[in-house]
Amino acid sequence: YDSDRGKAAIPGGTLLGNSIWKDFQENGGSELIGKTAGIPSELALAAQILRNPYFEVMRVFFVKDGKIIDHTAWTSRLPGAVNFPDTKKTEVLARMTTSGADGYYLLHNHPNGFSTPSSKDEQLTRDVADQMAGFKGHVVIDHNEYSVIDKHGVSKKFNTPTQQPQHAPEVA
């Protein structure tokens, strides 16, 4: 650990916990605007602070040139339900335009301890990707894993990275 830089001394990456702790020390919290999210694993890493053990929360992250520039969220406050109502689709399209985003990710959490998407998650992903241009992926997070659903509703599960991917800039 390099205490002068507030980062773990691991070539090519910053440990997740140290990065979040540094944000809290310097800024009183952790902000996702400006974080790198060019690929789903980068978003899964950055969004770990958003896990909720009680209910699912749907989030949309707007990106431009691989950086998060805006985000929004909503919830039904139920442990196993997430939706994307038409009113939110209108809001997301408007924010895409006003923010200047070149794309967006969907992200939600599974409080049950497993990131495996349900068939409803996969169908919701296909519907949103078909109806709204700019879709980059749907990430389902949990504490030790995440899943990515593509525009066709096909999902794949991964272990949550503990450090920033080698090819990407360090998490500040």
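Just so we're clear, the structure is a prediction, and the values are computed from it rather than from any experiment. Every chain is numbered independently, its residues counted from 1 as its sequence is written. Under the rules for a predicted model, residues below a pLDDT of 70 receive no local features and side-chain atom pairs below 80 are neither given nor counted, while totals for whole chains, interfaces and linings still include all residues. Heavy atoms throughout the structure, all of them, feed into the side-chain values; hydrogens and water do not.

Colleague: Explain the pairing of strand β3 (residues 103-109) to me, please; I cannot follow it from the model alone.
Modeller: Here's how the labels work: a residue is buried when its accessible area is under 20% of the maximum for its type, exposed when over 50%, partly exposed in between, all with a 1.4 Å probe on protein chains only. Helix and strand assignments come from DSSP, with helices taken as H or I runs of at least 4 residues and strands as E runs of at least 2, each series counted from the N terminus. Burial analysis of β3 places 7 of its 7 residues in the buried class, the great majority of the element. Side chains of β3 alternate between two faces, with G103, Y105, L107 and N109 and Y104, L106 and H108 buried alike. Two strands pair under a simple rule: DSSP has to find at least two bridges between them. Summarising the sheet, strand β1 (residues 58-64) and β3 pair through 6 bridges and their orientation is antiparallel. Of the residues in β3, the one forming a bridge with F62 is Y104.

Colleague: Any chance you could explain the side chain of S115 here in plain terms?
Modeller: Tracing the backbone through its elements, the reader meets S115 in the loop between β3 and α4 (119-131). Of note is the side chain of S115, whose polar atom sits 2.9 Å from the side chain of S147. Should any heavy atoms of two residues lie within 4.5 Å, those residues are considered in contact. Residues within four places of S115 in sequence aside, it is in contact with H110, V140, I141, D142, E145, Y146, S147 and K157. Distance and chemistry together define a polar contact, namely a pair of N or O atoms within 3.5 Å, with one atom able to donate a hydrogen and the other to accept it when in protein, and with adjacent residues in sequence counting only for side-chain atoms on both sides.

Colleague: Where do I start with the pattern of salt bridges in this structure?
Modeller: Two side chains carrying opposite charge are able to pair once their charged atoms lie near each other. The salt bridge definition used is simple: a Lys or Arg side-chain nitrogen within 4 Å of an Asp or Glu carboxyl oxygen. Within this structure, the stated rule accounts for 4 salt bridges. Ionic pairing is found between D86 and K89, a salt bridge with its closest N-O pair at 3.6 Å. With D86 and K89 both in helix α3 (residues 86-99) and 3 residues apart, this pair spans about one turn of that helix. Residue class for D86 comes out exposed when judged on its relative accessible area of 57%. According to the relative accessible area criterion, K89 is buried, its value standing at 13%. E91 is paired through a salt bridge with R95; the nearest N and O atoms lie 3.6 Å apart. Of this pair, E91 and R95 both sit in helix α3, separated by 4 residues, roughly a single helical turn. For R95, a relative accessible area of 23% translates into the label partly exposed. Here the residues in one salt-bridge network are D70, K88, E91 and R95, joined through shared partners.

Any link to function would need more than the numbers given here.
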